[in-house]
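# Results of the structural survey
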Amino acid sequence: MSGRVVGGESPRVESVDDLVAYFASGEKPRERWRIGTEHEKIGVLADTLERVPFDGPRGIEALLERIASYDSAPPAGWERIREGGRLVALERDGASITLEPGGQLELSGAPLRTLRETCREFNAHVDLLKAAADDLGLAWMAIGADPFHALAEIPRMPKARYDVMRAYLPTRGALGLHMMHATATVQANYDYASERDMAEKMRTALACSPIVSALFANSPFSEGKPNGLASFRVAIWRDTDPDRCGLLPFVFEDGFGYRDYAEWALDVPMFFLVREGGYHPVGGATFRQLLERGVEAAGRREHATLADWDLHLTTLFPEVRLKRFIEVRGADAAPGRFICALPAVWKGILYDPESLRDAWSLVAGLSLEQRDRALVDVARDGLRARIAGTEVRELARELVRISAAGLDRIARRGETDADERHFLEPLEEVVAAGRSPAHELLDVWRDVGESPARLLERIRY
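Report on the accompanying structure.

Quick notes on the rules
- Residues numbered from 1 in each chain as written.
- Predicted model: local features only at pLDDT ≥ 70, side-chain atom pairs only at ≥ 80, totals over all residues.
- Heavy atoms only, no water.
- Helix = DSSP H or I, 4+ residues; strand = E, 2+ residues; numbered from the N terminus.
- Rg over C-alpha atoms; globule rule 2.2 N^0.38 Å.
- Buried < 20%, exposed > 50% of the residue type's maximum accessible area, 1.4 Å probe, protein only.
- Contact = heavy atoms within 4.5 Å.
- Lys, Arg positive; Asp, Glu negative; His and termini not counted.
- Charge placed at Lys NZ, Arg CZ, Asp CG, Glu CD.
- Pairing = 2+ DSSP bridges.
- Phe/Tyr/Trp six-rings, centres within 6.5 Å; stacked < 30°, edge-to-face > 60°.
- Lys NZ or Arg CZ within 6 Å of the ring centre and 35° of its normal.
- Patch = residues over 30% accessible without salt bridge, like charges linked within 9 Å, V, L, I, M, F, W, Y side chains within 5 Å.
- Areas by Shrake-Rupley, 256 points an atom, 1.4 Å probe, with all protein chains shown as cover.
- Salt bridge = Lys/Arg side-chain N within 4 Å of Asp/Glu carboxyl O.
- Expected span 1.5 Å × (residues − 1).
- Axes fitted to C-alpha atoms, helices over the stretch in contact; angles between N-to-C directions.
- Parallel < 35°, antiparallel > 145°, perpendicular 65-115°, else oblique.
- Left-handed = near helix turned anticlockwise from the far one by under 90°.
- Nonpolar A, V, L, I, M, F, W, Y, C, P; charged D, E, K, R; others polar.

### Side note on the overall build of the chain
On a plain count of helices and strands, the chain comes out with 17 helices and 19 strands. Rg of the C-alpha trace for the chain: 21 Å, near the compact-globule value of 23 Å for 461 residues, within the 12% margin. With the C-alpha coordinates of the chain rotated into their principal frame, the extents come out at 60 × 55 × 45 Å. A burial count over the chain gives 60% of its 461 residues as buried. Sequence separation of at least 24 residues holds for 73% of the intrachain contacts in the chain that already meet a minimum separation of 6. One finds the centroid of the 60 positive side-chain charges in the chain at a distance of 1 Å from the centroid of its 73 negative side-chain charges.

As structure tokens, then:
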């Protein structure tokens, strides 16, 4: 989620055609395709296991200030982003460190050409974060959902957009506040060349998302004990908001394109509009209402701008999201080697035409009911789940093989500096063992005598 307040001055949106043109403006030739990786981390005070607060000498604001001061040499120093006078984000060179609702920190990486660059960026970020966090006695966990705390024990961060979301989401699902405050994910962003290319990538990514969720399932604890799930995070997202989450059935229909996504997004209720530097709730009005007749905000009737559309798209949470790039969103946060594997597995699938076709063929025959059921079963069983009678482990094995073949072809076409298949090794190991990361964590839990403090030592970055 963005650290900046956006909105206000921006071209007026006159019709749905303007929204379709927005998506078309993201088209790029293959030589300009890049990868952007985003990863969230949940932090605790290392001595007490309490979640990191915003305020105080060991709080988030102090940590962000310390990071900025550690790594401030010009011209690459961090720009401090403030809201209400409080330091809530850092930005530089196309990357940002932002603050999630419960104090999770997210690195939104710069668009980079190679997986090696992406992995180097992540490792440098973790090293910098650890240096700053160790000084303050903080620990950041490689896990998909808070393993220790009840929702009421998690602090709230002072960002106005989150106040609006906290009021709205409980009206739509039972676990919306858990999504905001207790989850952490790793995501990756990919380019598209045309409307057809976008449609094929969206369709394939949505269909394969449950399999990737199983490969990364890594949230088997809640409130200090096992919760019976491989991915509590996946289960949380299924009960957050049916209007803006899920697998988007219309993407699987013949002829899907930019307009179909725009028409769906138009009818999803907005959280807010940004005007005069502030967030203004709009009472559940849709973007279509904003476009057609305007809505009341900031004491006057406001009309749709492209900045409003750009902001609205960031508040939609399907398993795969379209902006001016494609964002895959189905993976739990996990140990560092998995962070590098996530952009790798999707690059091999989405950036090689043969792998894109092969991956779609792997899941093309499933019904919408089977696709949706797959998320339920993967949340519970990870790689041990079954999709339409086939063990997810076997589908995952084939998907990783397809990705590896794609990465090999990309390298041989000279589109990357070197063979990048080694980034898939953590996933090959998981498939060989037939166990999601969550199952390994449950073994660790038993090994450490079911001690939260000792578990932390095994899951911290």
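Now that the structure is up, let's keep going.
### Things to note about the pairing of strand β6 (residues 138–141)
The alternating pattern of β6 places L138 and W140 and A139 and M141 on opposite faces, both of which are buried. Bridge count for strand β1 (residues 35–45) against β6 is four bridges, and the pairing is antiparallel. Considered in β6, the bridge of L45 is made with L138.

### Here's the deal with the packing of aromatic side chains
One pass over the structure, following the stated rule, counts 20 aromatic pairs. Seen in terms of ring centroids, Y190 and Y351 are 5.3 Å apart; in terms of plane orientation they differ by 85°. Their pairing is edge-to-face. On the criterion of sequence distance, the pair formed by Y190 in strand β7 (residues 185–190) and Y351 in the loop between α11 (336–350) and α12 (353–363) is long-range, its members being 161 residues apart. Centre to centre, the rings of F250 and W264 are 6.0 Å apart; their planes meet at 40°, and the pair counts as tilted. Taken together, the residues F250 in the loop between β10 (245–246) and α8 (258–266) and W264 in helix α8 connect sequence positions 14 residues apart. We note that F250, like W264, is buried. Cation over ring: K201 sits above W33, and NZ or CZ is 3.6 Å from the ring centre. Sitting above the plane of the W237 ring, R329 keeps its charged end 5.4 Å from the centroid.

### Examining a negative patch on the surface
A cluster of like negative charges, contributed by E27, E195, E253, D254 and D260, occupies part of the molecular surface. As for its placement among the helices and strands, D254 is situated in the loop between β10 and α8. The class for D254 is exposed, based on a relative accessible area of 82%.

### As for unusual backbone geometry
Its identity is not glycine, yet E223 carries a phi of approximately 50°, on the positive side. Among the secondary structure elements, E223 is positioned in the loop between β8 (221–222) and β9 (225–226). The backbone phi angle of A298 is positive, close to 55°, even though this residue is not glycine. As for its placement among the helices and strands, A298 is situated in the loop between β13 (295–297) and β14 (300–302).

### Quick word on helix α3 (residues 115–136)
For α3, built from 22 residues, the straight-helix expectation of 32 Å at 1.5 Å per residue is met to within 8% by its first-to-last C-alpha distance of 32 Å. When we look at burial in α3, the residues that qualify are L115, T118, C119, E121, F122, H125, V126, L128, L129, A132, A133 and L136. Within two residues after α3, G137 carries a phi angle of roughly 70°, on the positive side.

### Topic: the packing of helix α16 (residues 437–447) against helix α17 (residues 452–459)
At a minimum axis distance of 9 Å, the contact between α16 and α17 shows a crossing angle of 135°. Classified by the angle their axes make, α16 and α17 are oblique. Crossing geometry of α16 relative to α17 is assigned as right-handed. Between α16, through L441, V444, W445 and D447, and α17, the contact on the second element is made entirely by P452, R454, L455, R458 and I459. In terms of residue class, the contact of α16 with α17 is built from six nonpolar, no polar and three charged.

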